[in-house]
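Chain and residue survey
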Amino acid sequence: MPQQPHETTDATRAGWREWVALPGAGVPWIKAKLDTGARSSAMHAFDLEQYEVDGEAWVRFSIHPWQRSTDDAVLTELPVLDRRRVRSSSGHTVERPVVLMDIELVGRVVTAEMTLTRRDEMGFRMLIGREALRQGFLVDPARSYLGGRPKRRTRRKNRGA
C-alpha cells in the first residue's frame, strides 16, 4: 500500500503535557494536560462566587497553580461567557460556568473557553481540550514540556517538595 503524503502545517508542536502560563490571571506556571479526547478545556477553580456587574454575570474564583499544594492561591474575576453541561471524567453530567482565558502555550498566547470545576482528585490542575488546541497546535503524544520548564526550585514546589 502506498504511503500517504504528509500534510505540511504551520502548527506549533506541543507535548501531551506542558507548563503553561495564564497571563491575565498572573499565573506564570501551571502544569496542563493536553487532551485531544476532551472537547473543552477545564481549570481547577474553587471558592466560586457568581455575581452581576451592570446586569452581566461574573464569577470570582481562586486558582491553585501547584499540583499538591494549596499555597499561592490566585484570586481571579471574569465575566461568565456561558453555562454548559459537561460530562465529567467519571461520566456524570454537571453544569459549569465557562469563562474566556488567555493561555500561553509553547510560546504562543491563545484565548480558550475554560470550564471551572474542582479538579482536586485529578492529576492535572488544567486540561486543555481540542477546541483550544485547534488554534494551531499539533500534540505529540511521545513528548512532554516542549515549551520549556520552570526552574528546578519551582518544579520541586509543584511536587510538594
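Residues numbered from 1 in each chain as written. Predicted model: local features only at pLDDT ≥ 70, side-chain atom pairs only at ≥ 80, totals over all residues. Heavy atoms only, no water.

Some remarks on the overall build of the protein
Regarding its fold elements, the protein presents two helices and twelve strands. Mapped in sequence order, the helices and strands of the protein form the string β-β-β-β-β-β-β-β-β-β-β-α-β-α. The burial tally for the protein puts 42% of its 161 residues in the buried class. Within the protein, contacts between residues separated by at least 24 positions form 57% of all contacts whose residues are at least 6 apart in sequence. Total accessible area on the protein stands at roughly 9700 Å², and carbon and sulfur atoms take up 45% of it. (Helix = DSSP H or I, 4+ residues; strand = E, 2+ residues; numbered from the N terminus. Buried < 20%, exposed > 50% of the residue type's maximum accessible area, 1.4 Å probe, protein only. Contact = heavy atoms within 4.5 Å. Areas by Shrake-Rupley, 256 points an atom, 1.4 Å probe, with all protein chains shown as cover.)

Here's the deal with the pattern of salt bridges
Going through the model one piece at a time under the given rule, you end up with seven salt bridges. Among the ionic pairs, Arg84 bridges to Glu113, the shortest N-O distance being 2.6 Å. Of this pair, Arg84 sits in strand β8 (residues 82-87) while Glu113 sits in strand β10 (residues 108-117), and the two are 29 residues apart along the sequence. Several salt bridges share partner residues, and in doing so they unite Glu49, Arg60 and Glu77 into one network. (Salt bridge = Lys/Arg side-chain N within 4 Å of Asp/Glu carboxyl O.)

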